[in-house]
Amino acid sequence: MTGQIAVVTGSSSGIGRAIAEALSAQGASLCLVGRKSEALEGIGRPTERIRRYQADLADDYDLRTLTTSVRQDCGRVDILVHSAGVCRLGDLADAPVGDFDRQYRVNVRAPYALTQALLPLIRSSRGQIVFINSSVGITARAGVGQYAATKHALKAI
């Protein structure tokens, strides 16, 4: 992975952070994406050049700013990992539509838009795109309908 440039969304915690750490350990240069910039600190090797991008993937302005910055800062993308996600639990009868809208924007629309915007860089480097998903998109259960719907849609992409 030495010399590879990896963009990892959701890298401030959980699976995204673990993926970023693993890529760094394998020698990849990191472009870390998260909503809270302070949570992106401490990821990767101290000697490595790491780029950190604070972005709310539900926000179109942040998405545009992120893609513009990655293009300018990196010039290419070898690995794009979509690990960011939002999960709101609740019964269909009570779950606010606004929660569903936010989950859709982060879990489905953002990976689609980010992939589309960075695809020329990924193609030119013959790179890879990884979508981190959930089995709940296939086998939904009570209380997770909104989240399950977004994960099912992500699977289709």
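We now turn to the structure provided with this report.

What to know about the packing of helix α2 (residues 60–74) against helix α3 (residues 97–124)
Remark: α2 packs on α3, axes separated minimally by 10 Å, with the N-to-C direction vectors making an angle of 30°. As far as their axial angle goes, α3 and α2 are roughly parallel. Between α2 and α3 the crossing geometry is right-handed. Every residue of α3 that contacts α2 at D60, L63, L66, T67, V70 and R71 is listed here: R105, R109, A110, A113, L114, A117, L118 and L121. In terms of residue class, the contact of α2 with α3 is built from 9 nonpolar, 1 polar and 4 charged.

Brief notes about helix α4 (residues 145–156)
Taking 1.5 Å of rise per residue, the 12 residues of α4 would be expected to cover 16 Å, and the 17 Å separating its terminal C-alpha atoms lies within 8% of that figure. Those residues of α4 that fall on the buried side of the exposure criterion are Q146, Y147, A148, T150, K151 and L154. At its buried positions, α4 is contacted by α3 and β5 (128–131).

So, the nonpolar core
Across soluble globular proteins, you tend to see nonpolar side chains buried next to one another. By size, the foremost hydrophobic cluster in this structure holds 19 residues, and its most contacted members are L57 and V70. Residue assignment for this core shows that the elements contributing at least two residues are β1 (5–9), β2 (29–34), α2 and α3. Ranked by residues supplied to this core, first place goes to α3 with 5 residues. Excluding residues within four positions of it along the chain, V70 makes contact with V7, Y53, G75, V77 and L118.

Observations regarding the side chain of Q146
One can find Q146 in helix α4. Residues within four places of Q146 in sequence aside, it is in contact with R88, A95, P96, D99, F100 and Q103.

Rules and cut-offs
Residues numbered from 1 in each chain as written. Predicted model: local features only at pLDDT ≥ 70, side-chain atom pairs only at ≥ 80, totals over all residues. Heavy atoms only, no water. Axes fitted to C-alpha atoms, helices over the stretch in contact; angles between N-to-C directions. Helix = DSSP H or I, 4+ residues; strand = E, 2+ residues; numbered from the N terminus. Parallel < 35°, antiparallel > 145°, perpendicular 65-115°, else oblique. Left-handed = near helix turned anticlockwise from the far one by under 90°. Contact = heavy atoms within 4.5 Å. Nonpolar A, V, L, I, M, F, W, Y, C, P; charged D, E, K, R; others polar. Expected span 1.5 Å × (residues − 1). Buried < 20%, exposed > 50% of the residue type's maximum accessible area, 1.4 Å probe, protein only. Core = buried A, V, L, I, M, F, W, Y, C linked by side-chain atoms within 4.5 Å.

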